[in-house]
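# Residue-level structure breakdown
Listed below are the residues making up each chain.
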Amino acid sequence: MLQETVLNIFENSWPMIFIFSMIIISMRITYIVKYDKHVVFYKDILALMFIIYILCLFHVVTFQDVTWSTSNFIPFKEMFRYRFASSLFIRNVLGNMLMFIPFGFFVSYFLKLKKPYSILLLSLLISSTIETTQLLIGRVFDVDDILLNVVGGIIGFAIWWVLSKIKSHLPAFLKKDIFYNIIISLILVFMLWQLYQIINLGGAV
């Protein structure tokens, strides 16, 4: 199910992702050349990944099919009616948490957050905005989605916090930009390989 969801998002949003990525990359390169700025590869890639994540999030919350659901304003009403590990549980409970983990991580990274209450409030604000917008454009509002998104945001913060603590205890040579450039390059290769596998699987099906 996760592979099908990723494939669906990619199939429907890749033109938007490609165009926006080219705009951002070309502007960034022009800025670097014009002002002779020093490039930190992993930081630029993380910024680009955050932009791509936001574009994918926009696609999910505005175009995903919701004809099977109705608005819910009662906390915990929807999430507890799904059988554990069922397709609806994975889609609506785990899916809504997973969807906001990157948000919690990226926001914590860029803002260098130290306390969880900041990401809690930001996740609450953004998720509430998403649900309210969905209601206004004729889709559905689900308060449980907000609660699950906030949990995902906090998990993302926790991942950032743990990694930042690990980084603070690393020896000096492992704190150099080259080390993180290598790590982000390996992550990119892995992600592209996974995407390639998902696309091939989708094509085979």
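Below is a summary of the structure that appears in this document. (Residues numbered from 1 in each chain as written. Predicted model: local features only at pLDDT ≥ 70, side-chain atom pairs only at ≥ 80, totals over all residues. Heavy atoms only, no water.)

## Thoughts on the overall build of the protein chain
- Scanning the protein chain for helices and strands turns up six helices and zero strands.
- Each helix and strand of the protein chain, ordered N terminal to C terminal, gives the series α-α-α-α-α-α.
- Each principal axis of the C-alpha atoms in the protein chain carries an extent, and together these give about 55 × 40 × 30 Å.
- Within the span of the protein chain, comprising 205 residues, buried residues form 34% of the whole.
- Considering only contacts in the protein chain between residues 6 or more positions apart, those separated by 24 or more positions represent 77%.
- Accessible surface computed for the protein chain: about 13200 Å², of which carbon and sulfur atoms make up 74%. (Helix = DSSP H or I, 4+ residues; strand = E, 2+ residues; numbered from the N terminus. Buried < 20%, exposed > 50% of the residue type's maximum accessible area, 1.4 Å probe, protein only. Contact = heavy atoms within 4.5 Å. Areas by Shrake-Rupley, 256 points an atom, 1.4 Å probe, with all protein chains shown as cover.)

## Description of the environment of K165
- The topology assignment puts K165 in helix α5 (residues 143-168).
- In the structure, K165 is positioned 55 residues away from F110 in sequence and 16 Å away in space, judged by C-alpha atoms.

## Overview of unusual backbone geometry
- Its identity as a non-glycine residue notwithstanding, F76 has a phi of 70 degrees, on the positive side.
- Turning to its location among the elements, F76 is positioned in the loop between α2 (41-63) and α3 (87-111).
- Exposure remark for F76: the relative accessible area of 42% places this residue in the partly exposed category.

## Overview of the pattern of salt bridges
- This model, assessed by the stated rule, comprises two salt bridges.
- As a salt-bridge pair, R28 and D44 come within 3.1 Å of each other at their nearest N and O atoms. Of the two residues, R28 sits in helix α1 (residues 2-35) while D44 sits in helix α2, which places them 16 residues apart along the sequence.
- Given a relative accessible area of 29%, R28 falls into the partly exposed group.
- Residue class for D44 comes out partly exposed when judged on its relative accessible area of 23%.
- Put simply, E78 and R81 hold a salt bridge, and the shortest N to O gap is 2.8 Å. (Salt bridge = Lys/Arg side-chain N within 4 Å of Asp/Glu carboxyl O.)

## Some remarks on the nonpolar core
- Core analysis: the largest hydrophobic core is formed by 24 residues, its most contacted members being Y42, L46, L57 and F100.
- Listing elements by their share of this core, those giving two or more residues are α2, α3, α4 (116-136), α5 and α6 (177-204).
- By residue number, the principal contributor to this core is α2, which donates eight residues.
- Contact partners of F100, with chain neighbours within four places excluded, come to Y53, L57, S123, I126, S127, I130, N149, G152 and G153.
- If you look at the next biggest cluster of nonpolar residues, it comprises six residues, including M79, Y82, M97 and L148. (Core = buried A, V, L, I, M, F, W, Y, C linked by side-chain atoms within 4.5 Å.)

## A few points about a positive patch on the surface
- A surface patch of like charges, here positive, comprises K43, K112, K114, K115, K165, K167 and K175.
- Tracing the chain through its elements places K43 in helix α2.
- Relative accessible area serves as the criterion here: at 41%, K43 is assigned to the partly exposed category. (Patch = residues over 30% accessible without salt bridge, like charges linked within 9 Å, V, L, I, M, F, W, Y side chains within 5 Å. Lys, Arg positive; Asp, Glu negative; His and termini not counted. Charge placed at Lys NZ, Arg CZ, Asp CG, Glu CD.)

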